[in-house]
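Coordinate inspection notes
Okay, here's what each chain looks like letter by letter:
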Amino acid sequence: MSVPFLDLKTQHAELYPEIEKVVREAVLNAAFIGGASVNEFEKEFAAFCGTAHSVGVGSGTDALRFALTACGVKSGDEVITVPNTFIATTEAITQAGAAPVFVDIDPGTFNIDVDRIEEKITPKTKAIVPVHLYGQCADMDRILAIAKRRGLKVVEDACQAHGATYRGKMAGSMGDAAAFSFYPGKNLGACGEGGAITTSDDGVAAHSRMLRDHGQIKKYYHSIEGYNGRLDAIQAGILRVKLKRLGGWVKSRRKNAALYKDLLAGVEGISVQHEPDWAENAYHLFVIRVKGRDVLQERLSGMGVATALHYPVPLHLQDAYRHMGLRKGDFPVSEAAAEEILSLPMFPELTEEQIRYVVESIKKAL
Ligand SMILES: Cc1ncc(COP(=O)(O)O)c(C=O)c1O
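Residues numbered from 1 in each chain as written. Predicted model: local features only at pLDDT ≥ 70, side-chain atom pairs only at ≥ 80, totals over all residues. Heavy atoms only, no water.

This part covers the pattern of salt bridges. Inspection of the entire model under this criterion finds 27 salt bridges. Salt-bridge contacts for Asp141 lead to Arg167; the nearest nitrogen and oxygen are separated by 3.3 Å. Placement of Asp141 in helix α5 (residues 140–150) and of Arg167 in the loop between β6 (165–166) and β7 (169–170) is noted, with a sequence separation of 26 residues between them. Classification of Asp141 by relative accessible area gives partly exposed; the value is 32%. (Salt bridge = Lys/Arg side-chain N within 4 Å of Asp/Glu carboxyl O. Helix = DSSP H or I, 4+ residues; strand = E, 2+ residues; numbered from the N terminus. Buried < 20%, exposed > 50% of the residue type's maximum accessible area, 1.4 Å probe, protein only.)

Take a look at the structure:
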């Protein structure tokens with residue numbers, strides 16, 4: 001048997017008649033930029049997340065960058081985040097003019113260690129970007145309490161967390177703003193690039209709308225300089241088709257994760273991402289932790305089980321951030337995790353047979 005890491009083909013084959021209709025209508029009506037499908041998707045996605053607004057943009061990176069700028073982050077500011085995330089989180093901070101400041105993570109949840117945030121706050125700190133890693137929300141109540149006390153903005157990086165909840169609240173609804181990615185493999189993925197900002201702040205929404213469209217309030221009237229960062233109409237139409245299924249897909253992911261956890265319980269040397277009782281993980285990724293990870297990954301590959309690493313090198317040790325002068329040992333929890341994490345196959349259509357095969361293969365490989 002072979003188990004792919006992700007299987008979008010099965011999902012797309014099932015949805016193809018609806019997707020084809022979206023593409024056909026857009027092409028025949030020559031309606032590619034803005035218009036009804038973007039507006040309707042924005043309304044539906046805001047309703048899904050429980051926010052007053054959603055603003056469709058070109059990618060999750062655009063969403064983070066525009067949200068930060070719209071929340072007032074600018075040159076000279078510092079923004080707190082984690083080193084164990086995709087580089088887009090810190091790219092967006094830098095591109096908004098600010099400097100990323102890292103805080104280490106909790107070894108069980110892999111999310112920001114809230115107890116260590118305050119020691120990194122300086123007079124320059126403007127915002128915190130908690131990353132809801134692998135689909136599980138960071139401890140938002142405690143983060144929001146610190147932000148309130150210290151006068152900081154909170155922009156959730158929800159790029160992996162569509163459909164996750166925190167104490168019953170949807171990911172993307174708790175901070176001043178949040179960023180989602182619709183990269184194809186995400187819980188809600190386009191057939192190309194896409195992203196969205198969610199917020200209930202009218203000013204942040206209006207500013208984000210300008211930033212995505214060259215700073216325009218109406219055509220050729222530019223209040224500020226912005227970007228070409230719009231969500232295109234075909235992608236919005238396809239996202240509308242998929243959004244209807246997102247709740248069901250998240251349930252399937254959670255069911256798959258529950259079976260993995262059940263079968264892996266008691267397997268010596270393996271632990272899974274801790275899910276506190278206040279979190280409902282949307283399981284964009286199912287990540288185990290194991291010593292000797294590289295050997296296990298190679299053996300699994302030999303048995304037909306595809307796996308991946310999210311992420312093999314923490315950001316403070318990447319060449320791109322050498323100028324920060326950080327080194328090995330500065331964020332030991334993130335560094336240890338990077339050496340031990342392994343993402344197993346996870347997608348809604350994964351079968352029980354496939355999950356059992358993955359776990360049997362792990363046991364054999366160990
Ligand atoms: C945590 C995180 N932040 C930001 C992004 C950026 O999203 P995009 O690739 O749509 O720009 C991603 C996407 O992989 C991500 O996983």
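Looking at where Lys251 falls in the secondary structure, it is placed in helix α7 (residues 233–264). Taking the relative accessible area as the measure of exposure, Lys251 reaches 63% and is therefore exposed. Lys251 sits 155 residues away from Ala96 along the chain, and the two C-alpha atoms are 36 Å apart.

A few words now on the domain arrangement of the protein chain. Domains assigned within the protein chain are domain 1 (8–103 + 110–240) and domain 2 (247–365). Placing the centre of domain 1 and that of domain 2 at their C-alpha centroids yields a distance of 24 Å. Opposite the 35 residues of domain 1 that make contact, domain 2 presents 32 residues. In total, domain 1 and domain 2 occlude about 2,800 Å² of area from one another, counting both sides; carbon and sulfur atoms represent 61% of this. Its largest share of buried area at the contact with domain 2, domain 1 owes to Phe110, Tyr134 and Gln136, together 28% of the area lost on that side. (Domains from an automatic or database assignment. Contact = heavy atoms within 4.5 Å. Buried area = accessible area lost by both parts, 1.4 Å probe.)

Burial within strand β8 (residues 177–181) is extensive, with 5 of its 5 residues counted as buried. Neither face of β8 is open: one carries Ala177, Ala179 and Ser181, the other Ala178 and Phe180, and all of them are buried. Strand direction decides the pairing type here: strand β5 (residues 153–157) and β8, joined by 3 bridges, are parallel. The residue of β8 that forms the bridge with Val155 is Ala177. With 4 bridges connecting them, β8 and strand β9 (residues 195–199) associate as antiparallel partners. Counterpart to Ala178 in the pairing with β9 is Thr198. (Pairing = 2+ DSSP bridges.)

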